[in-house]
Amino acid sequence: MDVFEVNDLSELSRKESDAEKRSRIYEQIVNLYDGRLLPRSASEPWVESVSVRLHGQYRTAILNLLELCKKWGESTRIVALCTRALELDPYEERLYLEKIVALETLGRHEEAEDLARRGSAMGCLHHAIEPGRAGSAYRQMRQADRNMESEASKLISALPDTENTGACICDFETFKEIYRVQRGVQVRYGLQVFLAILTVAPSQNTDAAETALMVEQLGDLIHTNLRQCDVAARYTDMQYVVMLSGSTAESGTGSLERIKAAFYRIPAHGRYLLSYSLYVPEDKADSGRARRRKKTAKKEK
């Protein structure tokens, strides 16, 4: 329930124009957040995505609250907020700098020096940062944060939208890299990956230009008939290799049958056959273990 409440409060804080009311909303979020969501189930896909979003909402709230406290000259409150926040995020450099600057403002120089030493020892503070220079380092970090936020906005606007625009068609070298990443996702989350090879077989005495056009049209059909999470590449002059992600074997076959039916609606298809094979990729380590098990079984017999 706290996840939903934090989400609602985050939306409310974005709409609130009054700084005092906004600070109270931020404080509610900070008080609700008690660390990473369900750490024992952190590898679950739904937990992972919600946990990252929740922590981002908390981080936005605590940093914005600290900014308001500085504006109002509430250094004691800053120290208290940072003390608890560092228990939840012990490697957050920004929190160390906020607390050091606040301690210096309050004249608590020894505490500031001790915190600077602890931050440096943990590796989350630059070794050259000293209490007296923490303010300069803080301003440098704030500028870097603002620049990063601007760059992040540019990056997001430059990325393609998530509407279904069909399968990704790429060159074979790119396909291999995407395949490597997808196999890693498969191992981690148990999502099945299928490989398919589609082959165009021309009859005798077909025109080379027409054949090239038919293979090119097959690529267009693969693009329009598969999903945007699927990937395909030209494998040979007459073949495409396709990777279907998160499909069952039956639905994968259905997709390939749709492509085949569309291919046979091309006027010149009478001089060409289209065949496909669907594979479940196997880890080399797994296949090696399987062979060893077979040898062991034979010996036991």
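Okay, so let's go over this structure. Because the structure is a prediction, the values reported are computed rather than measured.

Cut-offs applied
Residues numbered from 1 in each chain as written. Predicted model: local features only at pLDDT ≥ 70, side-chain atom pairs only at ≥ 80, totals over all residues. Heavy atoms only, no water. Helix = DSSP H or I, 4+ residues; strand = E, 2+ residues; numbered from the N terminus. 1 Å grid on protein atoms, 1.4 Å probe; cavity = no way out; pocket = protein on both sides within 12 Å on 5 of 7 lines; lining within 4 Å. Points joined across faces, edges and corners; volume = space filled by probe spheres on them. Expected span 1.5 Å × (residues − 1). Buried < 20%, exposed > 50% of the residue type's maximum accessible area, 1.4 Å probe, protein only. Contact = heavy atoms within 4.5 Å. Core = buried A, V, L, I, M, F, W, Y, C linked by side-chain atoms within 4.5 Å. Axes fitted to C-alpha atoms, helices over the stretch in contact; angles between N-to-C directions. Parallel < 35°, antiparallel > 145°, perpendicular 65-115°, else oblique. Left-handed = near helix turned anticlockwise from the far one by under 90°. Nonpolar A, V, L, I, M, F, W, Y, C, P; charged D, E, K, R; others polar.

A separate point is unusual backbone geometry. Notably, N205 is not glycine yet its phi reads approximately 65°, a positive angle. With respect to the helices and strands, N205 occurs in the loop between strand 2 (193-202) and helix 9 (208-225).

With the rule as written, the count across this model stands at one cavity of 30 Å³ or more. Lining the largest cavity are Y58, R59, I62, L63, D89, E92 and L95. Element by element, the count of residues in the lining of the largest cavity is highest for helix 3 (residues 45-71), at four residues.

When the terminal C-alpha atoms of helix 4 (residues 75-88) are compared, their 20 Å separation across 14 residues agrees well with the 20 Å that a helix rising 1.5 Å per residue should span. Taken as a whole, helix 4 has its buried residues at S75, I78, V79, L81, C82, A85 and L86.

This brings us to the side chain of E92. Summarising the element assignment, E92 is placed in the loop between helix 4 and helix 5 (93-105). On the accessibility criterion, E92 (18% relative accessible area) is buried. Here E92 is in contact with R59 and L86, once residues within four sequence places are set aside.

A few words now on the nonpolar core. Counting 36 residues, the largest nonpolar core has I62, L66 and L95 as the members making the most contacts within it. Put simply, the parts of the chain that give this core at least two residues each are helix 1 (2-15), helix 2 (19-32), helix 3, helix 4, helix 5 and helix 6 (109-122). Ranked by residue count, the leading element in this core is helix 3, at ten residues. In this structure, L66 is in contact with I78, L81, C82, L95 and E98, ignoring residues within four places of it in sequence. V215, L226, V242 and F263 belong to the second largest nonpolar core, which has 23 residues in total.

Looking now at the packing of helix 5 against helix 6. Running from N to C, helix 5 and helix 6 cross one another at 165°; their axes reach a closest spacing of 8 Å. The angle between helix 5 and helix 6 falls in the class roughly antiparallel. Considering only the axes of helix 5 and helix 6, their crossing is left-handed. Contacts between helix 5 and helix 6 pair Y96, K99, I100, L103 and E104 from the former with H109, E111, A112, L115, A116, G119 and M122 from the latter. Its residues assigned to classes, the contact of helix 5 with helix 6 shows seven nonpolar, two polar and three charged.

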